[in-house]
Amino acid sequence: MADETQTEDSASTENKHDRIETLEQQVETLLKRDAEHRQTQEEMAAQITTLEQANQQKDEDGQKLEERVEELEFEGEAAAMEGAEDESSEMERKFSIWGFMDLTLAKFWYNEKSPYTLYLPEQSFFTMTNINLYFFSRMTQTLSAIVEIRFSFLPQGSDVEYGYAQLPDSAYERYDSRVVEPFTSMWMNQGGITIERAHLTYEPVDWLNFIVGRYITPYGIWNIDHGSTVVIPARIPYMQIREMMVLSQTGVQVYGRFFPSRRLFIDYAMTLSNGRGPAEATVDLDENKAVGLRLRMYAKGKKIKAQLGGYAYYGTYTNRSKVLDMSFNSDMTLDQDADNPVTVENRNSGSYSEFIVTADLLIEAFGFRLQSEYIHRYAWYQTKEMMGEQAQVFAGGRPSPLDTFYWPNWIGDAMYCLLAYKLPLDPWIAPVRIRPYFSFEYNVVEDTREWINLTGYVFGLNVEPSPFVTIKAEGAKVIPHDDIMGEDMWTAALQIAVSF
Amino acid sequence: MEAQTDSPDDLLIVAHILVPVDRLSPVELETIFLKQRGSWRGGGKIVAINAKKGTELRKQFARRALDMTPEEEQDFWEDQKVRKGIDAPPEFTNTLKAVFKLRGSISYVRRRDYRENVSKILLVLRK
């Protein structure tokens, strides 16, 4: 029994040893596998790191490629713009045409048979008086040219001559420019054109620029900027209608702008021209050139803009007539033996000098626009000029060659003041703008011709349904300074102005 | 003074590298883009360049630099056209590219679209 127990104990111990050995082997195997797994993981981590680095490098390479593509695009566009010495001027080079026109329905109320009938229709009428086209070319960054043409249906239908009750042989004559078209025999109305301006402009720097040609006199507010959609009332101020200042000149102009501070401009202009004359657009009938000087200060704040300016002008108006003097023999042939068988005298038929000074003010703030201009003109004759028949009548004379009336020296003073207000209705009706306005005018155009002087009160409403269209409804009371014109006159006008 | 932080939507007023000024005031910027000033202080003609009409960039510039809505800006240029025959500054799709090449030019770009070394910054209009 004891042997059997010893044998059983030995066997059990041996089994335990075997099991331990087996377990140890298993553990060893597991440890080996664990070590292998760790090694595999490390290898995988290293691979992942390598791949991440490779991706990062690719991203960087990709970005560099994108940048390079963009650089090439830049260079490509730059290359496409090569060839012009000054790419800026090449970009801006252009030719453009634009313009404005208006249609007006007007009615005047004045005394029957008043002298106003000479100038203003008694019946209501539609009329188109402004059909302006601009032709503009910018040749280089500093060089441009502009031509402004005003087309008109006149002179068709205009008065040529009046009849005079005291002169039975006199007859009224109206200009008839109708012609027959030869192919259809259709009657065609011929109109006319006025060349408002035609000049070359050279603008090298802000402070020194040049205009050469026919230019608009740089004075006032609505002389240069005279588009129908720009001018607030239906007609320009009376002082401008009566040309108290020369509206356009043929010659040269030097102008520029200075910036004394960031919110202040100072503009200047100097003009040299033929001045005023019966043919001044094309020829000066005297050696005296007209000179002018313009100064304007312009200040702009965040909500308020203001400008104050003036223009002074001195010139001479001369009218000449050409008279041929020929020497004849008794048989009415030309006397070739005479020293000067044909002479031409350039006879001065009237000349005066004039000094004109103007001032203008414009303030825009909070929707209000306050605008005012003043002109003072003094004219004195060197060679007296005879009045025409119509002028003699109004001067109290008779239209007879036996009576001779000469124009006297004169002084003119005129001003207007306009107030307009853009109604604050943008939240409801934008882009439509509505602007009521009121203007007062006092005009002594010539103190020696009272019948052309008047005072005016103008009131109206502008409606701008778009930047291109302005509709104006206006009324005015005109008080003549001379009783010869009759009682006060009332006017009404409805105008639609369009720029295109 | 509290430091202002840069925003990607800031408008950078950029000019050609050779433009003879390094700084511009907001008022000067306005006079340039309204064509009331045509020459740089140091000489040379100014070529103002706009973004395309109707783009957000153009609207933002009109609001921040000119204090105008797009409609007010259009009104202004229509008025200038009739008065003086002046057009708005020319338009480019990519204003930064235009400034890069055009001598004397000035334009604007969002900060997020700006690239270094292709133009100089004269002014920053913050949102």
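Just above sits the structure.
This section reports on the structure supplied with the text. This structure is a prediction, so every number in the text was calculated from the model and none was measured.

A separate point is the overall build of chain A. Of regular secondary structure, chain A possesses 5 helices and 21 strands. Computed over C-alpha atoms, the radius of gyration of chain A comes to 44 Å, more than 25% over the 23 Å expected from 2.2 N^0.38 for 500 residues, which places it beyond the range of a compact globule. If one aligns the C-alpha atoms of chain A with their principal axes, the spans along those axes are about 190 × 65 × 60 Å. Split into buried and exposed, the 500 residues of chain A put 35% on the buried side. Considering only residue pairs separated by 6 or more positions, chain A has 60% of its internal contacts joining residues 24 or more positions apart. Counting every atom, chain A has about 29500 Å² of accessible surface; 58% of that belongs to carbon and sulfur. For chain A, the centre of its 44 positive side-chain charges and the centre of its 75 negative side-chain charges are spaced 8 Å apart.

This paragraph deals with the nonpolar core. Counting 35 residues, the largest nonpolar core has A:Trp222, A:Met245, A:Tyr313 and A:Ile375 as its most contacted members. For this core, the elements supplying multiple residues, two or more each, are helix H3 (238-241), strand E14 (304-326), strand E15 (342-365), strand E17 (410-421), strand E19 (454-466) and strand E20 (469-480) of chain A. Beyond its immediate chain neighbours, meaning those up to four positions away, A:Tyr313 contacts A:Met245, A:Val246, A:Gln249, A:Gly275, A:Arg276, A:Ala290, A:Val291, A:Gly292, A:Glu354, A:Phe355 and A:Ile356. Ranked by size, the runner-up nonpolar core spans 26 residues in total, among them B:Leu34, B:Ala51, B:Ala65 and B:Leu66.

Quick look at the sheet that holds strand E6 (residues 120-125) of chain B now. Where strands meet in a sheet, backbone hydrogen bonds hold them as pairs that are either parallel or antiparallel. All names here are of chain B. With respect to topology, 4 strands assemble into an open sheet ordered E2-E5-E1-E6, the strand pairing being mixed. Looking at the sheet topology across the chains shown, the edges are occupied by strand E2 (47-48) and E6. As paired elements, strand E1 (residues 11-15) and E6 share 5 bridges and run antiparallel to each other. Pairing of isoleucine 13 across the sheet is with leucine 123, part of E6. Strand contacts of helix H1 (residues 26-33): E1, E2, strand E5 (105-110) and E6, with the helix running at about 115° to E5, the strand carrying the most contacts. Sheet contacts for helix H2 (residues 56-65): E1, E5 and E6; angle to E5, the most-contacted strand, approximately 110°.

On to a negative patch on the surface. A cluster of acidic residues, A:Glu14, A:Asp18, A:Glu21, A:Glu24 and A:Glu28, forms a negative patch on the protein surface. By relative accessible area, which is 51% here, A:Glu14 ends up exposed.

Residue and element names in this part refer to chain A. Sheet analysis places strand E1 (residues 94-109) next to strand E3 (residues 131-138), joined by 8 bridges and oriented antiparallel. Pairing of phenylalanine 100 across the sheet is with asparagine 132, part of E3. As judged from the 10 bridges shared by E1 and strand E21 (residues 489-499), these two strands associate in the antiparallel manner. Bridge pairing in E21 links aspartate 102 to alanine 497. One ladder, built from 3 bridges, connects E1 with strand E2 (residues 125-127); its direction is antiparallel. Within the sheet, the bridge partner assigned to alanine 106 lies in E2 and is phenylalanine 125.

About the cut-offs
- Residues numbered from 1 in each chain as written.
- Chains lettered and ligands numbered in written order.
- Predicted model: local features only at pLDDT ≥ 70, side-chain atom pairs only at ≥ 80, totals over all residues.
- Heavy atoms only, no water.
- Helix = DSSP H or I, 4+ residues; strand = E, 2+ residues; numbered from the N terminus.
- Rg over C-alpha atoms; globule rule 2.2 N^0.38 Å.
- Buried < 20%, exposed > 50% of the residue type's maximum accessible area, 1.4 Å probe, protein only.
- Contact = heavy atoms within 4.5 Å.
- Areas by Shrake-Rupley, 256 points an atom, 1.4 Å probe, with all protein chains shown as cover.
- Lys, Arg positive; Asp, Glu negative; His and termini not counted.
- Charge placed at Lys NZ, Arg CZ, Asp CG, Glu CD.
- Core = buried A, V, L, I, M, F, W, Y, C linked by side-chain atoms within 4.5 Å.
- Pairing = 2+ DSSP bridges.
- Axes fitted to C-alpha atoms, helices over the stretch in contact; angles between N-to-C directions.
- Patch = residues over 30% accessible without salt bridge, like charges linked within 9 Å, V, L, I, M, F, W, Y side chains within 5 Å.
- Salt bridge = Lys/Arg side-chain N within 4 Å of Asp/Glu carboxyl O.

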